[in-house]
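Structure at a glance
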Amino acid sequence: DNLRRRGCPLLGLVDCPDLAAQVARCEVAGWDRANADDLLTLYNRTLSPRERARVEGLERLDEMEEWNLMLSHYCAVLAVKGPILAHLQLHATIGG
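In what follows, the accompanying structure is described. (Residues numbered from 1 in each chain as written. Predicted model: local features only at pLDDT ≥ 70, side-chain atom pairs only at ≥ 80, totals over all residues. Heavy atoms only, no water.)

Moving on: the packing of helix α3 (residues 39–46) against helix α5 (residues 64–72). Helices that pack against each other are described as a pair by the angle of their axes relative to one another and the distance between those axes. The interhelical angle for the contact between α3 and α5, taken along N-to-C directions, is 110°, at an axis separation of 6 Å. The pairing of α3 with α5 is recorded here as roughly perpendicular in orientation. Judged by residue contacts, Leu-39, Leu-40 and Tyr-43 of α3 engage Trp-67, Asn-68, Leu-71 and Ser-72 from α5. Here the residues of the contact of α3 with α5 sort into 5 nonpolar, 2 polar and no charged. (Axes fitted to C-alpha atoms, helices over the stretch in contact; angles between N-to-C directions. Helix = DSSP H or I, 4+ residues; strand = E, 2+ residues; numbered from the N terminus. Parallel < 35°, antiparallel > 145°, perpendicular 65-115°, else oblique. Contact = heavy atoms within 4.5 Å. Nonpolar A, V, L, I, M, F, W, Y, C, P; charged D, E, K, R; others polar.)

Structure representation (structure tokens):
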């Protein structure tokens, strides 16, 4: 409700209310494998502490709680088809 009032509606929420629904959507569409995670999890798992500090320094984030809430409401999905891309993973550390 807070995001909707700010003009940031979660448009996909009705059709895909959670990560499992996002993965299922890809599987129904014919992808061989799909992974999904919310952006907050990806941010914390894939960016090194040094890279997170760099990103957070680009623009002053006055309200980290709001930033975390925003990231937790969106996801990234990786869907692959065939053996050539089968090795790809959603989680890979960035910024060693």
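Looking now at the environment of Gln-89. Of note, Gln-89 is situated in the segment after β2 (75–80). Given a relative accessible area of 51%, Gln-89 falls into the exposed group. Sequence separation between Gln-89 and Ala-79 is 10 residues; the distance between their C-alpha atoms is 9.5 Å. Not counting the four nearest positions on each side in its chain, Gln-89 is found in contact with Arg-33 and Leu-78. (Buried < 20%, exposed > 50% of the residue type's maximum accessible area, 1.4 Å probe, protein only.)

In this structure, the largest pocket spans a volume of roughly 300 Å³. Around the largest pocket sit 15 residues that line it, and Cys-16, Gln-22, His-73, Tyr-74 and Cys-75 are the ones nearest its centre. By residue class, the composition of the lining of the largest pocket is 9 nonpolar, 4 polar and 2 charged. (1 Å grid on protein atoms, 1.4 Å probe; cavity = no way out; pocket = protein on both sides within 12 Å on 5 of 7 lines; lining within 4 Å. Points joined across faces, edges and corners; volume = space filled by probe spheres on them.)

So, on to the pattern of salt bridges. Considering all chains together, one arrives at 2 salt bridges under this definition. Residue Arg-45 is joined to Asp-37 by a salt bridge in which the shortest nitrogen-to-oxygen separation is 3.6 Å. Residue class for Arg-45 comes out exposed when judged on its relative accessible area of 54%. By relative accessible area, which is 10% here, Asp-37 ends up buried. A salt bridge links Glu-51 to Arg-54; the nearest nitrogen and oxygen atoms lie 2.8 Å apart. Remark: Arg-54 and Glu-51 occur in helix α4 (residues 49–58); sequence separation between them is 3 residues, near one turn of the helix. For Glu-51, a relative accessible area of 17% translates into the label buried. Judged by its relative accessible area of 45%, Arg-54 falls in the partly exposed class. (Salt bridge = Lys/Arg side-chain N within 4 Å of Asp/Glu carboxyl O.)

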